[in-house]
Amino acid sequence: MDVCPLPYGRKLWDGTDGFLDLWARTDVQTCTYWGAPIIWEGMFDPSVFDQLHKEKSTRVALTVFAVGRYLDAYLLPFLMSAEQYFMVGLPVTYYVFTDYPEKIPSLKLGQGRTLEVIQVARENRWQDVSMMRMKTITDAIDGHIHHQCEYVFCFDVDQIFTGRFGSEALGDSVALLHSFYYHRPKMFYTYDHNPKSEAYMDKGDFYYHAAVFGGRWQKVRNLTEACYQGIMKDKENEVEALWHDESHLNKYLFLHKPTKVLSPEYCWSMFIGHRNDIRVHRLLWAQKQYNALRN
Ligand code: 2GW
Ligand code: MN
């Protein structure tokens, strides 16, 4: 459990993962109402978390999809930057899903880090490429990940690591605040508002970004399986949620609260411009090439 007790003392024990100082940042929300910490720069000592996870021999899986034109466009910078910044010091296995395994660039990986390529069929519609990741991740957890790693993090490929994305981000069930919405009133959240969809919701806690989610493999599997079931039910009913898998993810995380929340420092968009509360950029959205890649 990562749920922190009510904030009595200054230093807090968040359960398994180490110390988080919820008062180190007074300019932002650092705890949800259900007691999950929201991780911001300044709240933690990276070496404490790293030491703890080294002692526990924590192993981390990273899943990423590079299908069709996204392979050439994004995969190499994503992986090279992950080598520099993602869970450095811990054993990491990259699971790269692609329709074109021969085209995966060869990469010299750091010690303890490995890469597995898994072939997936290419969906006809891009919405399905995105949504069917939920099914593929479930299958990969069942087939490979569960006996190789304790934790799994699932990423969009169209992004690049630019700062530490480390063991402080590990937790039972981890979700990311979407950089476009974290400072906006809830009425702007782009939840699915169609009652015919399984992803329908009329209220929520936050708007989470599907570009990054993770946790213990059991918890991630529950999420991906539930989202996949929702997606398939929608297909039977001939509806599609507004933001596809992201809508289903938001619905699931409203019903099953995450135990740790990552601030938008963990996935920032440079298009937003400067904000005082964003003290580091750990992962940045890559330049969108919608016209070239979506048509
Ligand atoms: C996706 C949209 C349009 C054209 C192509 C693709 C596409 C996506 C593709 O051709 N090949 C591919 O491998 N993908 C994978 O799906 C890739 O890993 C990519 O990062 C991911 C999601 O697609 P993306 O990044 O273009 O969508 P975003 O950045 O607008 O993502 C948000 O909304 C999505 C649902 O519409 C997802 O929930 C995503 O997780 C969100 O970040
Ligand atoms: Mn993306």
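Residues numbered from 1 in each chain as written. Chains lettered and ligands numbered in written order. Predicted model: local features only at pLDDT ≥ 70, side-chain atom pairs only at ≥ 80, totals over all residues. Heavy atoms only, no water.

**Comments concerning the coordination of the manganese ion (ligand 2)**
Then step 1. Those protein atoms acting as donors to the manganese ion (ligand 2) are D156 (OD), D158 (OD) and D158 (OD), and they sit at 2.1 to 2.4 Å. D158 shares its class with D156; the two are buried. (Donors = N, O, S within 2.8 Å, 3.2 Å for Na, K, Ca; no water. Buried < 20%, exposed > 50% of the residue type's maximum accessible area, 1.4 Å probe, protein only.)

**Section: the packing of helix α5 (residues 217-236) against helix α6 (residues 245-255)**
Then step 1. Direction vectors running N to C along α5 and α6 enclose 125 degrees, while the axes themselves pass 9 Å from each other. With respect to α6, the element α5 is oriented oblique. Where α5 crosses over α6, the handedness of that crossing is right-handed. Where α5 abuts α6, its residues N222, L223, A226, C227, G230, I231 and D234 lie against D245, H248, L249, Y252 and L253.
Then step 2. Its residues assigned to classes, the contact of α5 with α6 comprises 7 nonpolar, 3 polar and 2 charged. (Axes fitted to C-alpha atoms, helices over the stretch in contact; angles between N-to-C directions. Helix = DSSP H or I, 4+ residues; strand = E, 2+ residues; numbered from the N terminus. Parallel < 35°, antiparallel > 145°, perpendicular 65-115°, else oblique. Left-handed = near helix turned anticlockwise from the far one by under 90°. Contact = heavy atoms within 4.5 Å. Nonpolar A, V, L, I, M, F, W, Y, C, P; charged D, E, K, R; others polar.)

**Observations regarding the pattern of salt bridges**
Then step 1. Enumeration over the complete set of coordinates arrives at 19 salt bridges.
Then step 2. With a shortest N-O distance of 2.9 Å, R133 and D156 are connected by a salt bridge. Of the two residues, R133 sits in helix α4 (residues 133-143) while D156 sits in the loop between β7 (151-155) and β8 (159-161), which places them 23 residues apart along the sequence.
Then step 3. Exposure remark for R133: the relative accessible area of 13% places this residue in the buried category.
Then step 4. R164 is the salt-bridge partner of E168, the closest N and O atoms lying 2.7 Å from each other.
Then step 5. Take R164: its relative accessible area is 23%, and that puts it in the partly exposed class.
Then step 6. Each member of the salt-bridge network shares a partner with another, and the members are R25, D27, E265 and R279. (Salt bridge = Lys/Arg side-chain N within 4 Å of Asp/Glu carboxyl O.)

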